[in-house]
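Structural description and commentary
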Amino acid sequence: MKNIDSRGHVTGQSIYIDDIPEQQGTLHGAVVVSPVAHGIIRNIDYTKAESTSGVVRIVTAADIPGENQIGSIVQDEQLFADPEIHFKGQPVALILANDYDTAWEAAGKVVFDIEEKQPVTSPREAAKNKSFLVPPRTFRQGDVTSAFKECEYIVKGSASSAGQEHLYLETQGVYTLPSENGNIKVFSSTQGPTAVQRITGHVLGCPMHKIEVDVNRLGGGFGGKEDQATPWAVMASLGTFLTHKAVKIILPRHIDLMITGKRHPYEYDFTIGLDKSLKIIAFEADYFQNGGAATDLSPAILERTLFHITNAYYIPNVRGTVYSCRTNLPPNTAFRGFGAPQGMFLMETAIAKAAEAIGVKADAIQKNNLIRKGETFPYGQSPDEDNAVKVWKQFDEKFGIEKIKESVKTYNAQNRLTKKGFALMPICFGISFTNQSMNQARALVHIYQDGSIGISTGAVEMGQGVNTKMMQVAAQVLSVNVERVKIETTNTTRVSNTSPTAASSGADLNGKALEIACNKLKERLILVAAKLLNTEADSIIIENEKVINSGKVSSLTWEELVMTAHLERVGLTENGHYATPEIHFDKNLEKGHPFAYHVFGMAGITAVVDILRGTYEIENVDIVHDFGKSMNETIDHGQVEGAVVQGIGWMTIEDLVFDEKGSFLSNSLSTYKVPDIYSAPKEIRISDLKSEGNERAILKSKAVGEPPFNYGIGAFFAIQDAMRAFRENYELNTSAPITHEKVLLGLYK
Ligand code: MTE
Ligand code: HPA
Ligand code: MOS
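Conventions we followed
- Every chain is numbered on its own, with residues counted from 1 as its sequence reads.
- Starting at A for chains and at 1 for ligands, labels are handed out in the order in which the entities are written.
- The predicted nature of this model means local features are confined to residues of pLDDT at least 70 and side-chain atom pairs, given and counted, to a pLDDT of 80 or more, with totals for whole chains, interfaces and linings taken over all residues.
- Hydrogen atoms and water are omitted, and side-chain values are computed over all heavy atoms in the structure.
- Each residue is tested against the molecule or strand, and it is near if at least one of its non-hydrogen atoms lies within 4 Å.
- What qualifies as a polar contact is a pair of N or O atoms within 3.5 Å, subject to a donor-acceptor requirement within protein and to the restriction that residues adjacent in sequence count only when both atoms come from side chains.
- For the accessible areas, the method is Shrake-Rupley and the probe is 1.4 Å, while residue cover comes only from the protein chains on display.
- Lys, Arg, Asp and Glu make up the charged group, whereas Ala, Val, Leu, Ile, Met, Phe, Trp, Tyr, Cys and Pro make up the nonpolar group; the residues left over, Gly among them, are polar.
- The source of the domain bounds is an automatic or database domain assignment.
- Two residues form a contact once any of their heavy atoms are found within 4.5 Å.
- In this description, buried area is defined as the sum, over both parts, of the accessible area (probe of 1.4 Å) that is lost when the two are combined.
- What makes a salt bridge here is a side-chain nitrogen of Lys or Arg within 4 Å of a carboxyl oxygen of Asp or Glu, nothing more.
- DSSP bridges decide pairing: two strands pair if at least two such bridges lie between them.
- Only runs of H or I of at least four residues qualify as helices and only runs of E of at least two qualify as strands under DSSP, and these elements are numbered from the N terminus.
- A fitted line through C-alpha atoms serves as each axis, taken over the contacting stretch for helices, and the angle formed by two N-to-C directions is quoted from 0 to 180°.
- To sort residues, take the accessible area from a 1.4 Å probe on protein chains only and compare it with the maximum for the residue type: under 20% means buried, over 50% means exposed, and anything in between is partly exposed.
- Here the expected span of a helix is defined as 1.5 Å times the quantity of residues minus one.

Around ligand 1, 19 residues are found, and the nearest of them are Gly 221, Phe 222, Met 462, Gly 506 and Gln 639. Contact distances for ligand 1 include 3.2 Å between a nitrogen atom and a side-chain N or O atom of Arg 336. Note that an oxygen atom of ligand 1 is positioned 2.7 Å from one of the backbone N or O atoms of Gly 506. When ligand 1 sits alone it has 520 Å² of accessible area, and the protein chains cover 92% of it. Class assignment for the residues of the shell around ligand 1 results in six nonpolar, eleven polar and two charged.

Below, the structure written as structure tokens:
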């Protein structure tokens, strides 16, 4: 089935926040933000802003009826800074005006008097001051201290990886409508409608039921709208609460770039130990996460880093500690992979460094340490499948690792001014929210009198195709034509207490809930059919809209069956609730079974470096990916392709630059390079791992959103492999991204 949004997206008919027709009297909100990264507000002069023609009202912390607090995990983030400033771009007030331009123009006229303080931007500096967002956590397996004594090779090093801007095409935005009795309807571009509802209630000092959040779709989220769509929604709701008018806030791109959090930059120290046979027997590392100025989702991201410190490998002795460091940057947040890419990046860097020191190719170490059934990750869970090894085998059969290496060698022998490099990137990614209670979902299904069907779930469509997948689930379980099914908006009054659509688990959790609801309705319809056909329920099946009685197609149509059920006063609405079974985790022991299952895969990446310019191209990416039994190959392959390009961007050309005062310097698309058609791989070949799928996945089709992002990490090593073909004694640069500048310097250092 084609993505149901493809036509709307291509013709421009799909509706985003800014496309919602405006109610008469709609006010436009502009956010007033701090011009410095750290300090205390002495005074703010709004007179010039206030006297701008068209400005209706200025909303400040003093106008908040509830609490000036939007922190989700830890309550340490104010909606409006008062009086302390913790990052440049921190919201301070909201200007409401009759039109968009006036609002943002007035916001620029606010004059600050701030007692400036020294900002901290480096996570290591914050760690030195013991300035943490939450206490550090450590995962352990075996005993590293004694294991290092047994090692033939021990390699130590440091590394870093930069943050990443989400660059969703639709910037943050919201539209709020006043309703009677002080109720508010919020159209939000959020991955977490319930978070918006809860926190809006908290700030307005009203019960959640007064706030209805509705999400049609997002023009991309990538994690950037898991927590950080909330502030604008709360501000607009506050504006509506105060003025009884509709309020719209759409962040201009440069403001969105400046003030929203990004992927966490990390700094790392590691020691890796191997025996003679290249088995990794010990790995020890410290991870310094740059959390920014407020906690946001950092503790959950910290945790997912720990879950992925050994990537797809079994290492008997491990110690990893993550420090979540408080700095004066915008609070960093969820981004595709959610801390796992950072964990995997360090593992692969340690392997590459070890390979360099020992004088072997990294893939000799990678292959030798892939995790198998029965072996445990440091958190105590074993994979259910031997897929790490199966992936390697299928990759080799399909693409031929030696063959690729030979062709790279030949290329390099024949070319002087360009050099080719190759790297393999195995992955293993745990599926489930790391926080157990979030692994639940609900769905609501109506079968209308005419046989058409309306479905609602807690899943948010952000381009990943979850709406299409939900329609497939309903159509398949009820065994009707998919044209009968309509997917409704995601709305807190129809499906409540939702987890954000995140952790790649949107389709699994909501799909399973939907499956349950549809099965209940189907059972009920079968009873009606049995009565009509004078038989027992177990001789009836519904298939392709036909009622089959003891193997014979009856004359009863789907429409007749539904209408009869209605006339018989049978309920044609159902709710489904799903909670992932068997998962658990003990935070005291840091052991348990947190994941429903794992997703595996491997990419082989070849890159060509221009020896004169230091520029490079990613030639091709070959992938064996574990989709389980994909329920929609077009969508799932699209997810892999998009994720790979995004992952390569993180590792190569996307460079977030902050100065020591906490100002974001690469704050436009001329200085912040995102992958385009030229920097994307020339070819991506995807081969589905032959597999039975996994019962915990919806229709055995495994979660696909985030895992393939990590294939991009291979580009970092492929580029440097090419550099080594030019300069034999080249030493691996462990600071990502490996930008063109770094390549050029590295070639001739
Ligand atoms: N794909 C598109 N096109 N746009 C997005 O914003 N977000 C990614 C991924 N794929 C995203 C995307 C992230 S971060 C996650 S967690 C998953 O989709 C969420 O959706 P799912 O749980 O339905 O896979
Ligand atoms: N992944 C993504 N988002 C989350 C998670 C997670 O594991 N936990 C809380 N939010
Ligand atoms: Mo995705 S980072 O879990 O929204």
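By the assigned domains, the protein chain splits into domain 1 (17-118 + 193-247), domain 2 (384-433 + 596-749) and domain 3 (440-579). One C-alpha centre belongs to domain 1, the other to domain 3; they are set 40 Å apart. In this complex, domain 1 contributes 16 residues to the contact, which on the side of domain 3 involves 16 residues. If you sort the residues of domain 1 by the area they bury against domain 3, Pro 193, Thr 194 and Glu 226 come out on top, with a joint share of 35%. Inspection of the domain 1/domain 3 interface yields one salt bridge.

In this section: the sheet that holds strand S9 (residues 173-178). Reading across the sheet, the eight strands line up as S3-S5-S1-S12-S9-S10-S11-S20 and stay open at both edges, with mixed pairing between neighbours. The open sheet is flanked by strand S3 (55-59) and strand S20 (490-491), the only strands paired with a single partner. Looking at chain direction, strand S1 (residues 27-33) and strand S5 (residues 91-97) are connected through six bridges and run antiparallel. Paired with Val 33 across the two strands is Pro 91, which belongs to S5. Here helix H6 (residues 193-204) sits on the sheet in contact with strand S10 (184-188), strand S11 (211-215) and S20, set at roughly 150 degrees to S11. Sheet contacts for helix H7 (residues 230-243): S1, S3, S5, S9, S10 and strand S12 (247-250); angle to S9, the most-contacted strand, approximately 25 degrees.

Let us look at the pattern of salt bridges. On inspection of all chains with the given rule, the structure shows 42 salt bridges. One salt bridge in this structure joins Arg 217 and Asp 5, with 2.7 Å as the shortest N-O distance. Here Arg 217 is found in the loop between S11 and H7, whereas its partner Asp 5 is found in the segment before helix H1 (6-11), with 212 residues between them in sequence. Of the residues examined, Arg 217 reaches a relative accessible area of 12% and is grouped as buried. Residue Arg 494 is joined to Asp 214 by a salt bridge in which the shortest nitrogen-to-oxygen separation is 3.9 Å. Highlighted residues: Arg 494 in the loop between S20 and helix H15 (506-532) and Asp 214 in strand S11, separated in sequence by 280 residues. Here the salt bridges share partners, and the residues they tie into one network are Arg 137, Glu 303, Lys 587 and Glu 590.

Turning our eyes to something else, we now look at the pairing of strand S13 (residues 266-274). With seven of nine residues buried, S13 lies mostly within the body of the structure. Of the strand pairs in this sheet, strand S8 (residues 153-161) and S13 are connected by nine bridges, and their pairing is antiparallel. If you follow Ser 158 over to S13, its bridge partner there is Asp 269. Of the pairings in the sheet, the one linking S13 to strand S14 (residues 280-292) comprises nine bridges and is antiparallel in character. When the bridges of S14 are listed, Thr 271 appears paired with Glu 284. Joining the antiparallel neighbours S13 and S14 is a turn of five residues, in which Leu 278 adopts a positive phi near 65 degrees.

For H7, with 14 residues, the first-to-last C-alpha span of 20 Å sits near the 20 Å given by 1.5 Å per residue. Counting buried positions over the 14 residues of H7 gives twelve, a clear majority of the element. Within the sequence span of H7, burial applies to Thr 230, Pro 231, Trp 232, Ala 233, Val 234, Met 235, Ala 236, Ser 237, Leu 238, Gly 239, Thr 240 and Thr 243. His 244 lies just past H7 and shows a positive phi near 60 degrees.

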